[in-house]
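Understanding the architecture of this molecule
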Amino acid sequence: MAFCLGYDLDKCKYLGEGYEGQVLLTPDKKALKIFKNPEKAFHEYDILKKCEGSVFFPKAYVLDKNIVLREYVGGIELREYLEKYKINEKLARNLILLMFEFMKLGFTRIDIGSKHIFVQDDYSVMIIDPRKSYTKVVNAPYKLLRALERRGQLDEFLKVLVEMDPKIAQYWLDCYTFEYEYVTMGTRFKFSR
């Protein structure tokens, strides 16, 4: 029998595993994330604490070395949602408000992958795995725009965005349609539409 933060791991439900670790659902419905690297755990916990009070982020409860205990985020991954359903105005508005929240919180990364956005029954959205929010510089939601475009749903999103803030819409589209380069760990990546 293994225990972690007082939880019997045999009584926790396995939710999944990613590059950085695994996530379990505790009997009291909290997410127990066990990271491979304690530094990654600290960074995620730190971002969640900085975003505390935002409706888009789960509440972080405890950090212990390589473990983060946080609020559980239910719902359906945005990428899965877009494969099954069409985006509606309410969901588009909430996705836009999420990006605006990133800007309000001072994120330098105004972007997140669709697999990290969870759509709730009322079309509100919450995110998991906020990474490099204050260290990586990405000035427009490229991943979100690409996910919508791939599924033929970008037009509905842009219609709502133009109504909400035409200047941001133009800026994001200018950023998205021009070629850009990203260099990481000595490797140059080139993206173009």
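Quantities reported herein were computed from a predicted structural model and do not represent experimental measurements. (Residues numbered from 1 in each chain as written. Predicted model: local features only at pLDDT ≥ 70, side-chain atom pairs only at ≥ 80, totals over all residues. Heavy atoms only, no water.)

Here the focus is the sheet that holds strand β8 (residues 76-77). Ordered by their spatial adjacency, three strands build an open sheet running β8-β9-β10, and the pairing between neighbours is antiparallel. The open sheet terminates on both sides in strands that have one partner only, identified here as β8 and β10 (125-127). Bridging between β8 and strand β9 (residues 117-119) involves two bridges; their strand directions are antiparallel. Within the sheet, the bridge partner assigned to Ile 76 lies in β9 and is Val 119. Where helix α3 (residues 89-104) meets the sheet, its contacts fall on β9 and β10, and the angle it forms with β10 comes to roughly 40°. (Pairing = 2+ DSSP bridges. Helix = DSSP H or I, 4+ residues; strand = E, 2+ residues; numbered from the N terminus. Contact = heavy atoms within 4.5 Å. Axes fitted to C-alpha atoms, helices over the stretch in contact; angles between N-to-C directions.)

All right, on to the side chain of Ser 133 then. Inspection of the secondary structure puts Ser 133 in the loop between β10 and α4 (142-150). Setting aside residues no more than four positions away along its own chain, Ser 133 makes contact with Ile 47, Phe 107, Thr 108 and Arg 109.

Further remarks concern the pairing of strand β5 (residues 30-35). Remember that side chains alternate between the two faces of the sheet whenever the strand is regular. Where burial is concerned, most of β5 is hidden: five out of the six residues are buried. Pairing of strand β4 (residues 21-25) with β5, which is carried by five bridges, proceeds in the antiparallel orientation. Paired with Gly 21 across the strands is Phe 35, a residue of β5. In textbook terms, the turn of a hairpin is the stretch between consecutive antiparallel strands, and for β4 and β5 this stretch comprises four residues, one of which, Lys 29, has a positive phi near 65°. When β5 meets strand β7 (residues 67-71), the two strands line up antiparallel, connected through five bridges. By the bridge assignment for β7, Lys 33 is matched with Val 68. (Buried < 20%, exposed > 50% of the residue type's maximum accessible area, 1.4 Å probe, protein only.)

The next point concerns the packing of α3 against helix α5 (residues 154-164). A pair of packed helices is captured by two measures, namely the crossing angle of their axes and the spacing between those axes. The geometry of α3 relative to α5 is characterised by a closest axis approach of 9 Å and an angle of 60° between their N-to-C directions. Taken as axis vectors, α3 and α5 run oblique relative to one another. For the element pair α3 and α5, the recorded crossing hand is right-handed. Each of Glu 89, Ala 92, Arg 93, Leu 95, Ile 96, Leu 97 and Phe 100 in α3 lies in contact with α5, whose residues at this interface are Glu 156, Phe 157, Val 160, Leu 161, Glu 163 and Met 164. (Parallel < 35°, antiparallel > 145°, perpendicular 65-115°, else oblique. Left-handed = near helix turned anticlockwise from the far one by under 90°.)

Attention now goes to the nonpolar core. For soluble globular proteins, the rule of thumb is that nonpolar side chains tend to be buried together. Leu 95, Phe 102, Phe 157 and Trp 172 are the most contacted members of the largest nonpolar core, which has 45 residues in total. It is α3 that provides the largest number of residues to this core, a total of seven residues. Among all residues touching Leu 95, those that are not within four sequence positions of it are Leu 78, Ile 87, Ile 117, Val 125, Leu 144 and Phe 157. Counting eight residues, the second largest nonpolar core, distinct from the first, contains Cys 12, Leu 24, Leu 32 and Ile 34. (Core = buried A, V, L, I, M, F, W, Y, C linked by side-chain atoms within 4.5 Å.)

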